[in-house]
Amino acid sequence: MTEDDIRRMLRDLREEPVPPDSLARVRMAVDERLTRRSRTPWLAAAFATLTLAGVATFMPRPAALPLTPSPARVVAHQPTPAPLEPVTLPARAVAPKQQRIRRPASRRSESMVIRIETPDPDVLILLVGD
């Protein structure tokens, strides 16, 4: 079969209508593959979780350690310290408030308005910024 024969055959196939149910079958098969693939990680995770739970259930547990009372602790009584006297701090000279230097307002602080005209004469968009 030459390239011309293949081209001629493809042209003939191009002119044939596609049966509607074949397209539907292809779409259903693709959807089924996608859903099957998306379930696979969840199924693997669920299987691993159940396996670990089963193993943890049937694993032998270590024997409980016998409870022994702890030895009594002897604590020496500490005398309470005398209450502290309030401490007075020497008065400190307060510096006068410093004057803030006012800078001239920049263009950004002024209200900015951007006007956008649309093809529709009844619609005008104004973007206002402070």
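Since the structure is predicted, the reported quantities are computational estimates derived from the model, not experimental observations. (Residues numbered from 1 in each chain as written. Predicted model: local features only at pLDDT ≥ 70, side-chain atom pairs only at ≥ 80, totals over all residues. Heavy atoms only, no water.)

Considerations on the overall build of the protein
In terms of helices and strands, the protein carries 2 helices and 2 strands. Of the regular secondary structure in the protein, the N- to C-terminal order runs α-α-β-β. Burial analysis of the protein (130 residues in total) assigns 1% to the buried set. Carbon and sulfur atoms make up 62% of the accessible area of the protein, which totals about 14,500 Å². (Helix = DSSP H or I, 4+ residues; strand = E, 2+ residues; numbered from the N terminus. Buried < 20%, exposed > 50% of the residue type's maximum accessible area, 1.4 Å probe, protein only. Areas by Shrake-Rupley, 256 points an atom, 1.4 Å probe, with all protein chains shown as cover.)

Considerations on the confidence of the model for the protein
Of all residues in the protein, 75% attain a pLDDT of 70 or more, and the chain-wide mean is 76. Element-level mean pLDDT values for the protein span from 80 in helix α2 (residues 20-58) up to 87 in helix α1 (residues 3-15). (pLDDT = per-residue confidence, 0-100.)

Examining the pattern of salt bridges
Counted according to the given criterion, the structure contains 4 salt bridges. When the shortest N-O distance is used, the salt bridge between R7 and D4 registers 3.5 Å. In this pair, R7 and D4 both sit in helix α1, 3 residues apart, roughly one turn of the helix. Classification of R7 as partly exposed rests on a relative accessible area of 44%. By relative accessible area, D4 is classed as partly exposed at 47%. Each of E3, D4 and R7 takes part in one network of salt bridges that share partners. (Salt bridge = Lys/Arg side-chain N within 4 Å of Asp/Glu carboxyl O.)

Let's talk about a nonpolar patch on the surface
On the surface, M1, I6, M9, L10 and L13 cluster together to form a nonpolar patch covering roughly 520 Å² of accessible area. With respect to the helices and strands, the residue L10 is situated in helix α1. Its relative accessible area of 48% is what places L10 among the partly exposed residues. (Patch = residues over 30% accessible without salt bridge, like charges linked within 9 Å, V, L, I, M, F, W, Y side chains within 5 Å.)

Details of the pairing of strand β2 (residues 124-129)
Two strands pair when backbone bridges link them, and strand β1 (residues 112-117) and β2 are joined in this way by 6 bridges, in the antiparallel orientation. By the bridge assignment, I116 is partnered in β2 with I125. Linking β1 to β2, which pair antiparallel, is a turn of 6 residues. (Pairing = 2+ DSSP bridges.)

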